[in-house]
Amino acid sequence: MNDQTPPDFWESCLVCPDCKGKLVIINNVITCTCCGSDFSVRNGVPCFVSEVMTDHQKSEFEYFQRHLTKIRETSLFYNQNENCYNWVLPWINDRTVSDDSRIICVGASFVDDLPHVQSNYKFNIDHLSHRYAELLPEIQKANIRHIAGVSEKLPFKDNYTDIVYSRNSLDHVCNPVRTLLDINRVLKPEGKFYLFVYHNSNFIDSGETTVVNDDFVEQFLKRILRVEWMKIDPSESQGVTQPPVYSLPNHERLGFLYAICSKTLRTAYYSDEQLRRYEELTANFHSAVYYERKSQLVNASKHFAKVMSLSPFLKSDQMRILYSKIRYLAINDPRAFIDFFREFKNHNRDPFWWRIIIDSSRHFMKRELNKTINLSFVGEEKVYLKDVLLRGGPRSWIKRVLSEVGLGSIVK
Ligand SMILES: [Zn+2]
């Protein structure tokens, strides 16, 4: 459909994400008539993001590239297996919207979750849309118009849209608080925001920024928007896209949060400085985890150190700061790491943190961890010690594994 989206259509819908001024588009160059900012149209996609990718974007883009073949083989336009698809359709369908209804999806990557919903004003805004359009030109044939932009600065006027929806993306955006504030801004007074997101998901991830937990719902979601209806379903299984078992505290269960919200007339509650520092913390955490995964430890520990120097904004940031400290010590100072562990285990009995600590010790136990050891006592033949540690297990078991390689003194 939007192969031929003409410039004047974009000009009539979009505004400058920075100043909300009027845009003009000439030869794929988008210019703001108010502040003079220049943007561009790339692969048919209006593009309001920088050409240089952040580590957070690199992490998500590399994941996409790794799965490109599989993505091509399956449905390009929507994923019927996603709970959201089944959840959101009864609320947003051809009976409830007209050709003129304005619908903005925030962060749906390259898909159209609502392929059966007809509207001339159905948009998806994602920070990698122009790159998806380059590798999957087919997405331009879907019944949705893709825009490359960030959810913290939506390129729409105040009170523009009837519907905003967000599927499995609020925990990925750089700043979920600014995102909720901007969604509230663009909603019409009678508009609705449909939210679907993992509840209590993993904080140790180079793509996920936020842990949407009870604290986040009370302190941010309910203060920024009016929550009309909400439910949380427990997650039944650990799928491929979900966090590994060892990364969730035992007392927290992974679930799905569904909410229908409407606009409030409240204004900002948080200072720009607070929000900027929070973005700094999450950006550095994304980078640290990204480089650690790539075994670029000098870079990783530079970013872990930065996280340690910042103060928490969300309650879950406290977990990021502690995690950064553990990883930083394990990379840079094994002796201090072991001292820290001895002290830590006296006052923190949470097996979640014990597993993180034991997993972190791989940074200075590389030689030992690549040994295969005999694990006949758990009914397996030869396995890599690092795999055992990543899987977690009862403390007596981990202790026995560590003593196998002469490191039993770490766990007393
Ligand atoms: Zn502008």
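Definitions and cut-offs
Residue indices follow the written sequence of each chain, beginning from 1 at its first position. At least 70 in pLDDT is required for a residue's local features to be given in this predicted model, at least 80 for side-chain atom pairs to be given and counted, and no such filter applies to totals for whole chains, interfaces and linings, which use all residues. In this description a helix means any DSSP run of H or I spanning at least four residues, a strand means any run of E spanning at least two, and both kinds are numbered starting from the N terminus. How far a helix is expected to stretch is found by multiplying one less than its residue total by 1.5 Å. Whether a residue is buried, exposed or partly exposed is read from the other C-beta atoms within 10 Å of its own C-beta, which are placed from the backbone; 20 or more gives buried, 12 or fewer gives exposed, and intermediate counts give partly exposed. In this description, one arc is meant: the one made by directions from the helix axis to the C-beta atoms. Once C-beta atoms have been placed from the backbone, residue pairs whose C-beta atoms lie within 7 Å are recorded as contacts. The axes are straight lines fitted to the C-alpha atoms, using for helices just the contacting stretch, and the angles between their N-to-C directions are given from 0 to 180°. Every angle not falling under 35 degrees, over 145, or within 65 to 115 is termed oblique; those three ranges are roughly parallel, roughly antiparallel and roughly perpendicular. For any helix crossing, the convention is left-handed if the near helix is rotated counterclockwise from the far helix by under a right angle, and right-handed if that rotation is clockwise. Each residue is assigned to one class: nonpolar for Ala, Val, Leu, Ile, Met, Phe, Trp, Tyr, Cys and Pro, charged for Asp, Glu, Lys and Arg, and polar for all the others, Gly among them. One bridge is not enough; two strands pair if DSSP finds at least two bridges between them.

A. Structural context of helix α9 (residues 297-308). Given a rise of 1.5 Å per residue, twelve residues ought to cover 16 Å, and the 16 Å separating the end C-alpha atoms of α9 matches this to within 8%. Along α9, the residues that are buried comprise Ala300, Ser301, His303, Phe304 and Val307. Down the axis of α9, the buried side of the element spans an arc of 160°, and every buried residue falls inside it. Buried residues along α9 sit in contact with α8 (272-293) and α10 (317-332).

B. Representation of unusual backbone geometry. With a phi close to 50°, Asn43 is a non-glycine residue in the positive phi region. Mapped onto the secondary structure, Asn43 falls in the loop between β3 (38-42) and β4 (45-47). For Ser295, which is not glycine, the phi torsion reads 60° and is therefore positive. Judged by local crowding, Ser295 falls into the exposed class, with 9 C-beta atoms found within 10 Å.

C. Examining the packing of α9 against α10 more closely. Contact geometry of α9 with α10 gives a least axis separation of 8 Å together with a crossing angle of 140°. The angle between α9 and α10 places the two elements in the oblique class. With respect to the hand of their crossing, α9 and α10 are arranged in left-handed fashion. For the pair α9 and α10, contact is made by Leu297, Ala300, Ser301, Phe304, Ala305, Val307 and Met308 and by Arg320, Ile321, Ser324, Lys325, Arg327, Tyr328, Ile331 and Asn332, respectively. For the contact of α9 with α10, the residue count by class is nine nonpolar, three polar and three charged.

D. Quick peek at the environment of Asp214. Note on placement: Asp214 falls in helix α7 (residues 214-224). When the 13 C-beta atoms within 10 Å are taken as the criterion, Asp214 is described as partly exposed. The spacing of Asp214 and His199 is 15 residues in sequence and 8.2 Å in space, taken between C-alpha atoms.

E. Summary view of the pairing of strand β5 (residues 102-106). Of all five residues in β5, five are buried; the element is thus mostly enclosed. Alternating positions in β5 separate into two faces, Arg102, Ile104 and Val106 on one and Ile103 and Cys105 on the other, with burial throughout. In terms of strand pairing, β5 meets strand β6 (residues 121-126) through five bridges, oriented parallel. Of the residues in β6, the one forming a bridge with Ile103 is Lys122. Across three bridges, the pairing between β5 and strand β8 (residues 161-167) is parallel. Of the residues in β8, the one forming a bridge with Ile104 is Val164.

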